[in-house]
Amino acid sequence: MGSSDIPMATRSSALLEKSCGYLLQKLQMIWDEVGEDQCEREKVLLGLEQECLEVYRKKVDSANNSRAQLHQELAESEAEFTQLLLALGEHPLLPRRPEKMTGALKEQIALITPALREMQLRKQERLKQFRAVQGQIQKILAEIEGESEYDTAPSHVLTNEKDLSLKKLEEYQCELQRLQKEKNDRLQRVNIHLSTIQNLSSTLGMDSSLTITKVHPSLNELFGLSKNISDNILAKLSSCVESLEAEKKNRLEKLHHLGKALTNLWNLIDTPYRYRQLFSHVTSLLSMSSAEISDPRSLTTDLIQQAEVEVKRLDQQKTTMMKELFVNKQSELEEVCRRSHMEIPSQPEMDNIMNLIISGVIDYADLLTSMDKQIQRAEEEAFSRKAIMEKVEKWILACDEERWLEEYMTDENRYSVSRGAHKNLKRAERARIMVNKIPSLMDLLIAKTKSWEEERNKVFIYDQIPLLAMLEEYNELRQEKEDERQRQKEKKKVQNLGFEQESLFGSRPGTGNRILPDRSINRSHGNAAPLDKRLTLNIQQLGSSNNYPPNQSILSIKEGKKGNQLKKFARSTTASYFKEERITMG
């Protein structure tokens, strides 16, 4: 057996015994040579034994402490290993679990140390994964909350190291995926809003970069910042889009209004096609909605201003044409009224309508319709008056012939042989026939006039004067003239009787045959027939008068409201005529 086969403890004990024995022999030899006392020798040996025991005791205590430390180290390793297993959520079946291992402590520690180191490495790797996922989660949360600055360093990421299981990691990863999806959705919404703002700004002719920067500088790519995707930014972007949409809708409504105005004015004033083409981009928007318009600069303020200026110009041109048309319609209405001797709208009323045209209050179509209706009503009334007007013309013509016949009968040279005398004789015959028809004509005219007034519940006006009042006046004057004729006949009889007496008894001094003045039927005869002349002049003046009462409305002809006033006017005129005749005859 070699020395290497001897156990280490035996070899140490043998060597110790050999060394101690050798030294003890040496000590005994010395003591013998010296002659040391036996008691002293025993004391020394006892001291040596106690010292050896103390050294052994210290060595044992040190060994016990080392063993305790090894046990503690082993226990801590086992506890840490268990904690790591629990933290990582794993329960692997190792070939030799620490609590079941046998052998020396150092062997046990040597066995658990590599597994513990591996678990620690796995923990650090898992912890890195947790911190990476949590860091991304905190970053996305910060972006969603709108924080402009955030720290994603691992030291600032708080991780619960007691739960590093794969299940927990999957939960964090699911949360990260959810947040990433939300971030992508928010980024998509932001990009959609930004694209919408750019399109709307382009359509409205605005600077989209300036508009976006006002919402938040990070949204402008020129600043090179990460886009803010917070709820506040999304709300601001949505509000900005709504504001631009409202502005787009408002401008489109203005252009629709202007386009309709342009179309109406073009059709109204018959604008040539080449001038309409200048604003075709405005009228083309009439059939389009706000969502259909996306062309750049199709709704700019300059375009609206140009359209407004054009509408204003055309409106002024329309006003000028309206005034011309109104004047023409007014002349047409006045002509209809003048031909039928009806009341004509007053000039102040015409001026008032002209002012409405200038101010733009009255609509062209309404004015045209109203004027056409007035002309139509005037023509209808003129048609209803036609039969009476024909009788009035015959009556006036008969009155003229009556006046001529009376002047002709007072002409002493009517039977003389002169140039044209035979024509006067024929006219006198025709005049007598017409004059004889005057009474029946008057009765028929009065009957027709009364029937017309009862049917329409209004007074028949002829040149501002009620026709019945004028006919009554004529009848009165005619009766008065007839009475005057009777008086003249009586007077003539008395004169003839005086002439006969003179011829029987001789003429009185200073009297003789009266020489009548030379009268011509082709000129005026002074006051030969004053009543007849006044009536004739009155009728002629009524037939040609152009002065009309100023209280007739152009937009609604008030029928018969002024009849009583005109009748009073006619009666006062007749009374003045009677008064003048009486003065003349007196």
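Thresholds applied
Residues numbered from 1 in each chain as written. Predicted model: local features only at pLDDT ≥ 70, side-chain atom pairs only at ≥ 80, totals over all residues. Heavy atoms only, no water. Helix = DSSP H or I, 4+ residues; strand = E, 2+ residues; numbered from the N terminus. Buried < 20%, exposed > 50% of the residue type's maximum accessible area, 1.4 Å probe, protein only. Contact = heavy atoms within 4.5 Å. Areas by Shrake-Rupley, 256 points an atom, 1.4 Å probe, with all protein chains shown as cover. Expected span 1.5 Å × (residues − 1). Arc of directions from axis to C-beta. UniProt positions renumbered as here; feature names shortened; annotations may be inferred. Phe/Tyr/Trp six-rings, centres within 6.5 Å; stacked < 30°, edge-to-face > 60°. Lys NZ or Arg CZ within 6 Å of the ring centre and 35° of its normal. Salt bridge = Lys/Arg side-chain N within 4 Å of Asp/Glu carboxyl O. Core = buried A, V, L, I, M, F, W, Y, C linked by side-chain atoms within 4.5 Å.

Asker: In this structure, what is going on with the overall build of the chain? I would like to understand it.
Answerer: Counting secondary structure elements, the chain contains 17 helices and two strands. Per-residue burial for the chain yields a buried fraction of 33% across its 586 residues. For the chain, the proportion of contacts with a sequence separation of at least 24, taken over those separated by at least 6, is 77%. Per element, the accessible surface of the chain, about 37,500 Å² overall, is 52% carbon and sulfur.

Asker: What is the right way to read helix 14 (residues 438–456) from this model?
Answerer: Along an α-helix, residues three or four positions apart point the same way, because every turn accommodates 3.6 residues. Here helix 14 is 19 residues long and its end C-alpha atoms lie 26 Å apart, about the 27 Å a rise of 1.5 Å per residue gives. Looking only at helix 14, the buried set comprises Ile-438, Leu-441, Met-442, Leu-445, Ile-446, Thr-449, Trp-452 and Glu-453. The arc enclosing the buried residues of helix 14, seen along the axis, measures out at 130 degrees, which places them on a common side. With respect to the buried face of helix 14, the exposed residues turned more than 90 degrees away are Asp-443, Glu-454 and Glu-455.

Asker: Hey, could you run me through the UniProt feature "coiled-coil region" (unreviewed entry) in the chain in this one?
Answerer: According to UniProt, the "coiled-coil region" (unreviewed entry) feature falls on residues 53–80, 162–189 and 467–494. Counted over residues 467–494, helix gives 100% and strand 0%. Its end C-alpha atoms are 40 Å apart.

Asker: What am I meant to see in the packing of aromatic side chains here?
Answerer: Any two aromatic rings considered together are summarised by their centre-to-centre distance and by the angle between their planes. The full count for this structure, using the stated rule, is four aromatic pairs. Aromatic pair Trp-452 and Phe-460: ring centres 4.9 Å apart, planes at 80 degrees, arrangement edge-to-face. The same class applies to Trp-452 as to Phe-460, namely buried. Arg-427 extends its terminal NZ or CZ atom over the ring of Trp-404, reaching a point 4.2 Å from the ring centre.

Asker: Explanation requested: the pattern of salt bridges in the structure shown.
Answerer: Where charged atoms of side chains with opposite charge meet at close range, the side chains can pair. Throughout the structure, instances matching the rule amount to 28 salt bridges. In this structure, the salt-bridge partner of Glu-182 is Arg-178, at a minimum N-O distance of 3.4 Å. With Glu-182 and Arg-178 both in helix 4 (residues 166–204), this residue pair falls four residues apart, about one helical turn. The partner of Lys-318 in a salt bridge is Asp-315, and the shortest N-O contact between them spans 3.3 Å. Placement of the pair is Lys-318 and Asp-315 together in helix 9 (residues 301–339), with a separation of three residues, close to one helical turn. Via salt bridges that share partners, Glu-402, Glu-406, Arg-478, Lys-481, Glu-482 and Arg-485 belong to a single interconnected network.

Asker: Before we go on, may I ask you to explain the nonpolar core in this structure?
Answerer: Nonpolar side chains in soluble globular proteins tend to end up buried together. If you look at the biggest cluster of nonpolar residues, it comprises 50 residues, and the most contacted ones within it are Leu-219, Leu-237 and Leu-255. At 14 residues, helix 6 (residues 231–269) tops the list of elements feeding residues into this core. Non-local contacts of Leu-219, meaning those with residues more than four positions away in its chain, are made with Val-190, Leu-194, Ile-212, Lys-227, Asn-228, Ile-233 and Leu-237. Within the second largest apolar cluster, 27 residues are counted, among which are Ile-438, Ile-446, Phe-460 and Tyr-462.

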